[in-house]
Amino acid sequence: MDKHFINNPEELVVESLKSLTAVNHTLSVNEHEKIVYYHDYDKKKVTIISGGGAGHEPTHAAFVGKGMLTAAVSGSIFASPSSKQVYTGIEQVKSDAGTLVICKNYTGDILHFGMALERQKTTGKNIEMVAVADDVAVGREKGGKVGRRGLAGTVIVHKVSGAAAEAGAGLQTVAAIARHAIANLVSIGASLAHVHVPGREDTDNEDSVKHNELELGMGIHNEPGCRRISPIPKIDDLICDMLKQLLDQNDKDRAYVNIQKSDEVVLLVNNLGGLSVLEFGAIASKVKELLEANYGIKPVRILAGTLITSLNGLGFSITLLRATDRLNLEGKEWSLVDLLDAPTQATGWPYTEPAPLNSVNKLSDVEIKDNTDVIKSPVAMNKEAVRNAIINSMNTLIEQEPIITKYDTIAGDGDCGTTLKRGAEAVLEYVKSDKFTDDPILMARQIADVVENNMDGTSGALYAIFFHSFAKGVSEKVQELKKVDTEVWAAACRIALDTLYRYTPARVGDRTMCDALIPFVDEYAKSHDVHKAAKAAEEGTEKTKTMKAKLGRAVYVGDELTVPDPGAVGVASIIKGFAK
Ligand SMILES: Nc1ncnc2c1ncn2[C@@H]1O[C@H](COP(=O)(O)OP(=O)(O)O)[C@@H](O)[C@H]1O
Ligand SMILES: O=C[C@H](O)COP(=O)(O)O
């Protein structure tokens, strides 16, 4: 997708950096050198500076804050900042205790950060530098002298380093902790598409990721990974493939960290910027499950979120940190998990209350027992007659699904027909099962439960309200009248409609399902004649063709509607089936 609101890359970077100082009052920004820094830092503690190309936000500037980075330097999109920028950044947060420079293992970063480091050393600065290389996608052979790329593990190094510095560790200790973390990190990504860099020509070409394929191990600058996969695999298969790349010790080309189920493992699932929160959440959940199912690894910490992106990259990455070892430095035992748990004011860090190691959920899910509160009917109904009537009704509704879908595609979002069909099929399954009962009160409640559990959207809600109230009405009327006949059904419908009125302002003339339901209930309550009532519903539905919608999505479509309201067609179909 090469559509952007802002196409000037330079403006993008600076304005994005400024946004961080807007949301975090402890930060300042040097716009000219594109440096975000924590201005209240303690000059007696080690400062941590990182940076790199823009386009990976929140990395790095959103990780600036007490307890994490002291400063971050941004280059242009996907390009390293200059050594002058880095030099300035180090100067900006110089400290008596020294500075640790963290960069990702990309040639531009290594050179520019390295040059700045050397220049700073000539001034006598106490300064160290580490380069993060956690990507396993490009194995040893292909990686050659360049080595592994830096991915989401970089953020973990930011955090453990910043926490150690905040705890007062000396520079050599902080650097050792950073190096230890780097040596225990493995990451891999998967992407469905390349990203477009704002301001650049459209980059679609014959090498672009095709619609039916994905790139396993794609880098965060559209770099190739280990292979293309087509067709796109099921997510479970893809995750298993990715976990194998991370954990398979038989793969000598990329077995970088030997992680066993006895280890303390931190899992980071990272959104590369373009996955919906919905889809990303599902992926993160599956990664956790498959890591445990296939490797017996239950992470002691799970981080999930958008931590290092590739602009709006349609993909995700998995990072594992082997956090088992404790480092004994400066007379203290340093735990990577404790350092990850330490608080920070950096707004980009997905802080959650640290759970005790290996804690388990203490609460069990409450279980609602089916219909234990239902009063037993004093009378039985003609079970087969009612079953057949319901079957006729549901089959009629199912037959109408295509036309309802057609109308809702025009007047709504096209899902009304399938919603109703799904509900009808579930009701059919119930009435044909041995759960179907001759107890009218229990039967009405079970129908309501089936509707509620199988229909969603507006229809699902309205039908569930109606049928739960209908069940309540059946219970009241059967106990009052000690019989089961059309008088009871009609009275229960009236009670149900009166309840529905409390949840929707829809009345006749508003172009909704109520244009069929209200005439039906009125006629049925008056004549107890389902055929007359079905006709009334049909007529009410026909009138919706010329109505102006006052409720539902049809309101947005405007006045040019000539089709009947899909919801009303649904109601009329149900009743028509009963009248057969
Ligand atoms: N406020 C409302 N009250 C009564 N019926 C409504 C209302 N809003 C929508 N409807 C009915 O719901 C139908 C659409 O159902 P459905 O597709 O489930 O809605 P949605 O797409 O909003 O979830 C409409 O045709 C109309 O008959
Ligand atoms: O954003 C990417 C890196 O930070 C820098 O990449 P580069 O080495 O191509 O300049």
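Bear in mind that the values here come from a model prediction, so they are computed numbers and not experimental data. (Residues numbered from 1 in each chain as written. Chains lettered and ligands numbered in written order. Predicted model: local features only at pLDDT ≥ 70, side-chain atom pairs only at ≥ 80, totals over all residues. Heavy atoms only, no water.)

A. Here's a closer look at the overall build of the protein. Within the protein, the regular secondary structure consists of 18 helices and 14 strands. Radius of gyration (C-alpha) of the protein: 32 Å, far over the 25 Å computed for a compact globule of 580 residues. In terms of overall dimensions, the protein has a C-alpha envelope of 100 × 50 × 45 Å along the principal axes. By residue count, 54% of the 580 residues in the protein fall in the buried class. Put simply, 73% of the contacts in the protein that link residues at least 6 apart link residues at least 24 apart. Summing over all exposed atoms, the protein offers an accessible surface of approximately 26,100 Å²; the carbon and sulfur share of this is 53%. The centroid of the 65 positive side-chain charges in the protein is displaced by 2 Å from the centroid of its 77 negative side-chain charges. (Helix = DSSP H or I, 4+ residues; strand = E, 2+ residues; numbered from the N terminus. Rg over C-alpha atoms; globule rule 2.2 N^0.38 Å. Buried < 20%, exposed > 50% of the residue type's maximum accessible area, 1.4 Å probe, protein only. Contact = heavy atoms within 4.5 Å. Areas by Shrake-Rupley, 256 points an atom, 1.4 Å probe, with all protein chains shown as cover. Lys, Arg positive; Asp, Glu negative; His and termini not counted. Charge placed at Lys NZ, Arg CZ, Asp CG, Glu CD.)

B. Region of interest: the site of ligand 2. In the vicinity of ligand 2, the residues found are Gly-52, Gly-53, His-56, Phe-78, Ala-79, Ser-80, Lys-104, Tyr-106, Thr-107, Gly-108, Asp-109 and His-221. The separation between an oxygen atom of ligand 2 and a polar main-chain atom of Gly-53 is 2.6 Å. Protein burial of ligand 2: of its 300 Å² of free accessible surface, 82% is covered by the chains. Elements supplying a minimum of two residues to the shell around ligand 2: β3 (47-54) and α3 (107-122). (Near = heavy atom within 4 Å. Polar contact = N/O pair within 3.5 Å; in protein donor to acceptor, adjacent residues only side chain to side chain.)

C. The arrangement of the domain arrangement of the protein in detail. Per the domain assignment, the segments making up the protein are domain 1 (1-132), domain 2 (184-196 + 207-325) and domain 3 (383-579). Computed from C-alpha atoms alone, the centre-to-centre distance between domain 1 and domain 2 is 26 Å. Of the residues lining the interface, 13 residues belong to domain 1; the matching set on domain 2 comes to 12 residues. Taken over both partners, the interface formed by domain 1 and domain 2 buries close to 1,100 Å², and the fraction arising from carbon and sulfur atoms is 61%. Taken as a group, His-56, Phe-78 and Tyr-106 account for 41% of the area that domain 1 buries against domain 2, more than any other trio of residues on that side. Across the contact surface, domain 1 and domain 2 share zero salt bridges. Linking domain 1 with domain 2 are seven residue pairs in polar contact (both at pLDDT 80 or more). Tallied by class, the residues present in the side of domain 1 that touches domain 2 amount to six nonpolar, four polar and three charged. (Domains from an automatic or database assignment. Buried area = accessible area lost by both parts, 1.4 Å probe. Salt bridge = Lys/Arg side-chain N within 4 Å of Asp/Glu carboxyl O. Nonpolar A, V, L, I, M, F, W, Y, C, P; charged D, E, K, R; others polar.)

D. Region of the structure containing the UniProt feature "binding site: substrate" (unreviewed entry) in the protein. What UniProt calls "binding site: substrate" (unreviewed entry) maps, in this numbering, to Gly-53, Ala-54, Gly-55, His-56, Lys-104 and Asp-109. Spanning 57 residues, the named residues form one tight spatial group whose C-alpha atoms are at most 14.4 Å apart. By secondary structure assignment, the location of Ala-54 is in strand β3. You can call Ala-54 buried: its relative accessible area is 2%. In contact with Ala-54, not counting residues within four places along its chain, are Val-13, Ser-74, Gly-75, Ser-76, Ile-77, Phe-78 and Ala-79. With respect to the element layout, Lys-104 can be found in strand β5 (residues 99-104). Overall, the relative accessible area of 1% leaves Lys-104 in the buried class. Here Lys-104 is in contact with Gly-51, Gly-52, Gly-53, His-56, His-60, Asp-109, Ile-110, Val-132, Gly-150, Thr-154, Ile-220 and Ile-308, once residues within four sequence places are set aside. (UniProt positions renumbered as here; feature names shortened; annotations may be inferred.)

E. Here's a closer look at the sheet that holds strand β2 (residues 35-38). Strands sit in the order β1-β2-β4-β3-β5-β6 across an open sheet of six strands; the sheet is mixed. Of all strands in the sheet, those with a lone pairing partner are β1 (27-30) and β6 (127-132), marking the two edges. Each strand axis lies, on average, 20 degrees off the axis of its neighbour in the sheet, ignoring direction. As defined by bridge partners, β3 adjoins β5 across four bridges and the pair is classed as parallel. Paired with Ile-49 across the strands is Val-101, a residue of β5. Helix α1 (residues 9-23) contacts β1, β2, β3 and β4 (71-77) of the sheet and is inclined by roughly 160 degrees relative to β4. (Pairing = 2+ DSSP bridges. Axes fitted to C-alpha atoms, helices over the stretch in contact; angles between N-to-C directions.)

F. Representation of the side chain of His-180 in the model. Within the fold, His-180 resides in helix α6 (residues 171-183). Relative accessible area serves as the criterion here: at 14%, His-180 is assigned to the buried category. Residues within four places of His-180 in sequence aside, it is in contact with Asp-325, Leu-327 and Leu-336.

G. Representation of unusual backbone geometry within the structure. Residues Thr-59 and His-60 are joined by a peptide bond in cis, for which omega reads 5 degrees. With respect to the secondary-structure elements, His-60 resides in the loop between β3 and β4. Cis geometry is found at the peptide bond from Ser-230 to Pro-231, where omega equals -5 degrees. Tracing the backbone through its elements, the reader meets Pro-231 in the loop between β9 (227-229) and α7 (235-247).

H. Up close: α1. Compared with the 21 Å implied by 1.5 Å per residue over 15 residues, the 22 Å span of α1 between its first and last C-alpha is a close match. Where α1 is buried, its residues contact β1, β2, β3 and β4. Its side-chain oxygen at 2.9 Å from the backbone nitrogen of Glu-10, Asn-8 defines the N-terminal cap of α1. (Expected span 1.5 Å × (residues − 1).)

I. Layout of the environment of Lys-421. Secondary-structure assignment places Lys-421 in helix α11 (residues 416-431). Ignoring any residue separated from it by four or fewer positions in sequence, one finds Lys-421 in contact with Ile-398 and Glu-401.

J. Structural context of a negative patch on the surface. A cluster of acidic residues, Asp-2, Glu-201, Asp-202 and Asp-204, forms a negative patch at the surface. Glu-201 sits in the exposed class, given a relative accessible area of 68%. (Patch = residues over 30% accessible without salt bridge, like charges linked within 9 Å, V, L, I, M, F, W, Y side chains within 5 Å.)

K. Expanded view of the state of the cysteines. According to the stated counting rule, one finds zero disulfides in the structure shown. No disulfide involves Cys-514; its nearest neighbouring cysteine sulfur is the one of Cys-416, lying 12 Å away. (Disulfide = S-S within 2.5 Å.)

L. Representation of the site of ligand 1 in the model. The environment of ligand 1 is made up of 18 residues, and the closest members are Asp-415, Thr-504, Met-513, Arg-553 and Asp-565. Here an oxygen atom of ligand 1 sits 3.4 Å away from a polar atom, N or O, in the main chain of Cys-416. Between ligand 1 and Gly-567 there is a distance of 3.0 Å, counted from an oxygen atom to a backbone nitrogen or oxygen. Protein burial of ligand 1: of its 560 Å² of free accessible surface, 88% is covered by the chains. Elements represented by at least two residues in the shell around ligand 1 include exactly α13 (457-481) and α18 (566-578). Residue contributions to the shell around ligand 1 peak at four residues, all from α13. A per-class count over the shell around ligand 1 returns six nonpolar, seven polar and five charged.

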